[in-house]
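Chain by chain, the residues run as shown.
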Amino acid sequence: MRIVENVAEMRRLAEAWRAEGEKIAFVPTMGFLHEGHLSLLRTARGLGTKSVISIFVNPAQFAPTEDFASYPRDLRRDLDLSAKIGTDIAFTPSAEQMYPEGFQTCVEVGRVTKNLCGASRPIFFRGVATVVTKLFNAVKPHAAVFGQKDFQQLVTIRRMVKDLNMDVEIVGHPIVREEDGLAMSSRNTYLTPDERPIALRLSRSLELARQLVNAGQKDAGAILKAVSDRISEGGGAVIDYARLCNTETIEDVEIVDGPTLLALAVWVGKTRLIDNCVLGGEP
Ligand code: AMP
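Here the residue numbering is sequential within each chain, running from 1 through the sequence in written order. Note on the predicted model: pLDDT of at least 70 is required for a residue's local features to be given, and 80 or more for side-chain atom pairs to be given and counted; whole-chain, interface and lining totals, by contrast, use all residues. Side-chain metrics in this entry use all non-hydrogen atoms of the structure; hydrogen atoms and water are not considered.

**A few points about the site of the ligand**
Taken together, 16 residues are adjacent to the ligand, and Met 30, His 37, Asp 150, Val 176 and Met 184 come closest. Throughout this description, a polar contact denotes any pair of N or O atoms lying within 3.5 Å of each other; where both atoms belong to protein, one of them has to be capable of donating a hydrogen while the other can accept it, and for residues adjacent in sequence the pair is counted only when both atoms sit in side chains. In this structure, an oxygen atom belonging to the ligand sits 2.9 Å away from a side-chain N or O atom of His 37. Residue Gly 147 places a main-chain N or O atom 2.9 Å away from an oxygen atom belonging to the ligand. Contact with the protein chains hides 92% of the accessible area of the ligand, taken as 480 Å² for the molecule alone. Contributing elements (two or more residues each) for the shell around the ligand: strand S2 (24–29), helix H2 (35–47) and strand S5 (143–147). Its residues placed into classes, the shell around the ligand shows nine nonpolar, five polar and two charged. To be near a molecule or strand, a residue needs just one of its heavy atoms within 4 Å of it. Exposure was quantified through the Shrake-Rupley algorithm and a 1.4 Å probe, taking into account, for residues, occlusion by the shown protein chains and nothing else. The way it works is that DSSP assigns letters per residue, a run of H or I at least four long becomes a helix, a run of E at least two long becomes a strand, and they are numbered from the N terminus. Gly falls in the polar group here, along with every residue not listed as nonpolar (Ala, Val, Leu, Ile, Met, Phe, Trp, Tyr, Cys, Pro) or charged (Asp, Glu, Lys, Arg).

**Some thoughts on the sheet that holds strand S1 (residues 2–4)**
Taken in spatial order, the six strands make up an open sheet running S1-S4-S3-S2-S5-S6, and their pairing is parallel. Two strands close off the open sheet at either side, each with one partner strand: S1 and strand S6 (169–173). Across the sheet, the mean angle separating the axes of adjacent strands is 25° when strand polarity is ignored. We treat two strands as partners when DSSP finds at least two bridges between them. Pairing between S1 and strand S4 (residues 89–91): three bridges, direction parallel. Note on S4: the bridge partner recorded for Ile 3 is Ala 90. The contact criterion used is simple: two residues touch if any of their non-hydrogen atoms lie within 4.5 Å. Helix axes use the C-alpha atoms of the stretch in contact, all axes being lines fitted to C-alpha atoms, and the angles between their N-to-C directions lie in the range 0 to 180 degrees. The sheet strands contacting helix H3 (residues 75–85) are S1, strand S3 (50–55) and S4, and the helix crosses S3 at an angle near 165°. Its contacts with the sheet put helix H7 (residues 151–163) on S5 and S6, and the angle it makes with S6 is roughly 170°.

**What about the packing of helix H6 (residues 124–139) against H7?**
Describing two packed helices takes the angle between their axes plus the distance from one axis to the other. Their axes nearest at 11 Å, the elements H6 and H7 cross at an angle of 55°. By the angle class used here, H6 and H7 are oblique. Note that H6 runs across H7; the crossing there is right-handed. For the pair formed by H6 and H7, the contact residues are Phe 124, Phe 125, Val 128, Ala 129, Val 132, Thr 133 and Phe 136 on the first element and Gln 152, Gln 153, Thr 156, Ile 157, Met 160 and Val 161 on the second. Roughly parallel refers to an angle under 35 degrees, roughly antiparallel to one over 145, roughly perpendicular to one between 65 and 115, and oblique to any angle outside these ranges. When the near helix sits turned anticlockwise from the far one by under a right angle, the crossing is termed left-handed; a clockwise turn instead gives a right-handed crossing.

**Concerning the domain arrangement of the protein chain**
Here the protein chain is described as being made up of domain 1 (2–173) and domain 2 (186–276). Listed per partner, the contact involves 22 residues of domain 1 and 19 residues of domain 2. A 1.4 Å probe defines the accessible area here, and the buried area is the portion of it lost by two parts on being joined, summed over both. Of all residues in domain 1, Asn 115, Leu 116 and Phe 151 bury the most surface against domain 2, accounting for 33% of the area lost on that side. Throughout this description, the term salt bridge denotes a Lys or Arg side-chain nitrogen within 4 Å of a carboxyl oxygen of Asp or Glu. For the pair domain 1 and domain 2, the interface holds one salt bridge. Close ionic contact of Arg 187 with Asp 67 constitutes a salt bridge, the shortest N to O distance being 2.8 Å. These domain limits were set by an automatic method or by a database of domain assignments.

**Comments concerning H2**
In this analysis, the expected span of each helix is defined as 1.5 Å times one less than the number of residues it contains. Taking 1.5 Å per residue, 13 residues should reach 18 Å; H2 reaches 18 Å between its end C-alpha atoms and fits that length. Listing the buried residues of H2 in full gives Gly 36, His 37, Leu 38, Ser 39, Leu 40, Leu 41 and Ala 44. For each residue, the accessible area found with a 1.4 Å probe, counting protein chains only, is set against the maximum for its type, and the residue is called buried under 20%, exposed over 50%, and partly exposed in between.

Below is the structure:
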């Protein structure tokens, strides 16, 4: 696996591959890889003839009060894991490479970014859309894989690619979970042993909502009340949001008829966890 730190070099290599008729599949990450990331990388290998991972903790998507400085990092381990899967290039630019002196342009996606994480983290999606655009311009992928764990992010990237006529296929990947149901996340390492069972309430409450909908419940208020009660029961969890939304517009719905996103963000101690599922059929 080749390690590339420089934007110009990445572009050169991508151009050369394209000239030779290779198909480039790309997985952008912030590193501290877990089985979820690795599953995306395996999917990327199957999608193209060359696969690229980027590992970059993007300062532009963190507010000053958030965990940019403490975000877990282990580049050596990430490189080992990526290489074992057969990834061709790890693109690991520095913040100076990505945001050199004088940088002043950003990409802002509209309505789909306003609810959920966009409401809690106002600069988040601007940071994500901008860095993904920059990464696409460096890696020049034919296809890029994004996890449904960050459902609103996936919708935002699809919207951006469509709106800006970007020539890249966006592929969604199902959420990868621990055996007990906890959605894998680099931030799970923040959880203390006492907090780990509390964190499980997210996936358990999604399961409860599924059961309610299967039993015929359609009322968003009733479903969200049951979900919130399940998460709050026993203390130790503070709900940032629990919402039922249209899977394309990410706007709140009142009735679940057809595919509906149930999205959660919950603070467990100092850790903000997100999880989601689609109720009422596939999106
Ligand atoms: P991150 O490093 O957290 O920015 O994530 C990089 C990519 O991996 C994003 O497309 C995420 O949606 C995806 N991802 C992270 N965790 C999971 C998971 N548990 N299951 C599926 N995809 C995931």
